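Survey of secondary and tertiary structure
Now for the letters of each chain:
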Amino acid sequence: MAADSARRDARTAQDDMAAASAVATAAPPLIDLAHRDAVDRALRRVVRNVSALINATQAAIFVWEPDRRVVVPAQSAGNPAPAPAIRLGQGIIGTAAKE
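Residues numbered from 1 in each chain as written. Predicted model: local features only at pLDDT ≥ 70, side-chain atom pairs only at ≥ 80, totals over all residues. Heavy atoms only, no water.

Quick look at the pattern of salt bridges now. Counted by the stated rule, this structure contains 2 salt bridges. Its salt-bridge partner being Arg41, residue Asp37 comes within 2.2 Å of it at the nearest N-O pair. On the criterion of helical spacing, the pair formed by Asp37 and Arg41 is a turn pair, its members being 4 residues apart in helix 2 (residues 31–53). (Salt bridge = Lys/Arg side-chain N within 4 Å of Asp/Glu carboxyl O. Helix = DSSP H or I, 4+ residues; strand = E, 2+ residues; numbered from the N terminus.)

The next point concerns the pairing of strand 2 (residues 70–77). Pairing between strand 1 (residues 59–65) and strand 2: 7 bridges, direction antiparallel. Of the residues in strand 2, the one forming a bridge with Phe62 is Pro73. Taken together, strand 1 and the strand that follows it, strand 2, pair antiparallel across an intervening segment of 4 residues, in which Arg69 is found at a positive phi of about 55°. (Pairing = 2+ DSSP bridges.)

A few words on the side chain of Ser51. Counting through the fold element by element, Ser51 comes out in helix 2. The class of Ser51 is buried, set by a relative accessible area of 9%. The contact partners of Ser51, leaving out residues within four places of it in the chain, are Ala56, Ala59 and Ala77. (Buried < 20%, exposed > 50% of the residue type's maximum accessible area, 1.4 Å probe, protein only. Contact = heavy atoms within 4.5 Å.)

Purely spatial values, then, with no claim about function.
Listed below in structure tokens is the structure:
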């Protein structure tokens, strides 16, 4: 059941990315906004589905911000407060990002 939901969400995420590409082609100034929105929706689905699949009460996906040289939470679930930006080598997440 969870696998079916994950497959369905993966197809929807692909559709979201295709729609974002279509918007970006039609209106170049909207490229960043459309792309960010599609990526956010896809990451939200990944967090939700992986959390359900492994019965996790909390989950997060972090992304690298090269200008600031930190990883920041892109999406999370079950967390009472947003996680801060984390420097490379700082804690478990920063160490994993550094490796």
